[in-house]
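Observations on chain architecture
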Amino acid sequence: MDKKESNVKFINQACFVIENDESYILVDPWFSGKVFNNSWALLKDTDLSEINLDKITHIVVSHEHPDHFHLPTLKTIASKTEQKIKFLFPTRNNPNVRDFVEKLGYDFNYLIPRSKYEIDSSTAVTCFKEGIDAALVFNIDDKVLLNQNDCNLDDNEVSVIQKMFPKVDALSLQFSLAGYYGNRDNKNEIETRGRKRHFDTVEKYIKAFNPKTYIPFASFVYFCKEYNKYLNDWIITPRQLREYFPDVSMQCLYYGDQLEWNDASNVEKNDIVLSKYDEIFSQPKDILKPSEVGMEDLEKAVDSFAKSNPNFNRNYAPTETHLEIVDHDWNVSVNLRSNQINVIKDLEKEKLGGSLPGEEFISLFKFPWGADTLNISAAFNVYNKQKWYDLVGFVGGLYNR
C-alpha cells in the first residue's frame, strides 16, 4: 500500500501538527492561558478537537519562551496520554528544561544545531540556533518547511541554511510586535523599531530564502495588561501584512487549516481567512489590572534574589538604580551590592532609570528568566538607558542557558 502524503495543520500561535502514517508531531504547543507574567494572551484558545492527543508521538519545541515551551500545556498532554512521547529540543547548557520534561514522563532528546534528526521515514528536523531562539527546518516528504518562528538569523546562519536547503517550499515567520520597542508615549520609536522593523524583517527573509509561500506565524496574541495594552495599537494584522506585500505568495492559515503546498496563492481562500482574522483581531480585549503588592513584597524579592541565585557575585552587582513603581507612585533605590531597596522622596525624574509596576519588579527578581519576561511584557518605560540596562542586564546575565 502506498504511503499517504503528510498533513501539516496550523493549530494556534506557533503551534502546528505534522501527521503521516508513522508519526504525529506537535510543534511548540501553547493551548490556553496567559504567558510572560500574564502579559500575553492568545486571541483564541485552542480547540483541542483539532488535536488527537492520543496519537502524539513527538513534540518539537524551538526554544524556552513560554509561548513555545508552555509548561501547563505540556502537563495537560502528559496527563491525557499513555504512550511515551519523544520530546525534541535544541541543545543548551542548563539542564532545567530537560529535567522538567523528563519528570513529566517524556523521552527527552536534544537537537544538535545544523544536524538533521530523522523523525521517521518521511520527516526530519534540523535546528539552527541564534541566541536563545532557534529556527526549525522540517523535511516533510519531498517538501521543505522553514519554521523560522521569531528567530532573527544572522547572515552566516542564513547562508548555511541556503546551502543546506536551496529550495524552501514554505516559510513560517513571526510578523507582529513581541516586546519592548520604545516608551509607550514614544510613537515614532515604536513605529520605527516595532512595526517598520517587523515589515522589514519579513521582507528580508522572504528575499533570502525565496519560499514558494510565506505563512504569517507566531503573532496571534494580544497584550493583556494595563501597562502593556498600548502595544495593541501597534499590532500588525494579517490583512495589513497582505496589503504591505501584495506580490508575495502568502498563505494565511486560520485555526485548524491545512497547509496547501500546491495551492499557496488561492486568493479566494486567503480573503476568507483574512476576514476571519479581521473579526478576531478587532474584538474587545480583556485587560488585567496590576496585582496588589506592598513594599515588603519588593524588599523580599530583592533580598531573596542574591540568596537563591548560584551565579550571583556581589562584586559585579550594580550599586544604585532609581526606579518608579508606577502603580503605587513610589520612587525607590535598588542596590544589589548591598541587597537593599529604599524609598526615596522628592526624586527628580531625570535621575530615574525607568518605571514599572510592582508586580513586574517582583517578577524580575523572582524568576531566573525574569529579565527576559520583563523585556517581552514591555510593561515599563526607560528614562536612563545606562542605569536601566546595568540593572536588567545584570539580572538577565545570571541565567545560564
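Our structure's up above, just so we're on the same page.
This write-up is about the structure you can find in this document. (Residues numbered from 1 in each chain as written. Predicted model: local features only at pLDDT ≥ 70, side-chain atom pairs only at ≥ 80, totals over all residues. Heavy atoms only, no water.)

Turning our eyes to something else, we now look at the sheet that holds strand β9 (residues 117-118). Strand order across the open sheet formed by six strands is β9-β10-β11-β12-β13-β14, with mixed pairing between neighbours. The strands lining the two open edges of the sheet, one partner per strand, are β9 and β14 (213-217). Pairing of strand β13 (residues 170-174) with β14 involves five bridges; the strand directions are parallel. Note on β14: the bridge partner recorded for glutamine 174 is phenylalanine 217. Relative to the sheet, helix α3 (residues 155-164) contacts β10 (123-130) and β12 (143-149), its axis offset from that of β10 by approximately 160°. Against the sheet, helix α4 (residues 187-209) engages β12, β13 and β14, with an angle of about 160° to β13. (Pairing = 2+ DSSP bridges. Helix = DSSP H or I, 4+ residues; strand = E, 2+ residues; numbered from the N terminus. Contact = heavy atoms within 4.5 Å. Axes fitted to C-alpha atoms, helices over the stretch in contact; angles between N-to-C directions.)

Now for the sheet that holds strand β5 (residues 40-42). Read across the open sheet, the three strands follow the order β4-β5-β15; overall the sheet is antiparallel. Looking at the sheet topology across the chains shown, the edges are occupied by β4 (34-35) and β15 (221-223). With two bridges joining them, β4 and β5 adopt antiparallel strand pairing. Residue pairing for β5: valine 35 is matched across the bridge by tryptophan 40.

Within the fold, proline 72 resides in helix α1 (residues 71-80). Through-space distance from the C-alpha of proline 72 to that of serine 32 is 8.6 Å; in sequence the pair is 40 residues apart.

Let us look at the state of the cysteines. Under the criterion given, the structure shown has zero disulfides. Left unpaired, cysteine 151 is separated from the closest cysteine sulfur, that of cysteine 127, by 9.7 Å. In this structure cysteine 151 comes out as buried when scored by relative accessible area, which is 1%. (Disulfide = S-S within 2.5 Å. Buried < 20%, exposed > 50% of the residue type's maximum accessible area, 1.4 Å probe, protein only.)

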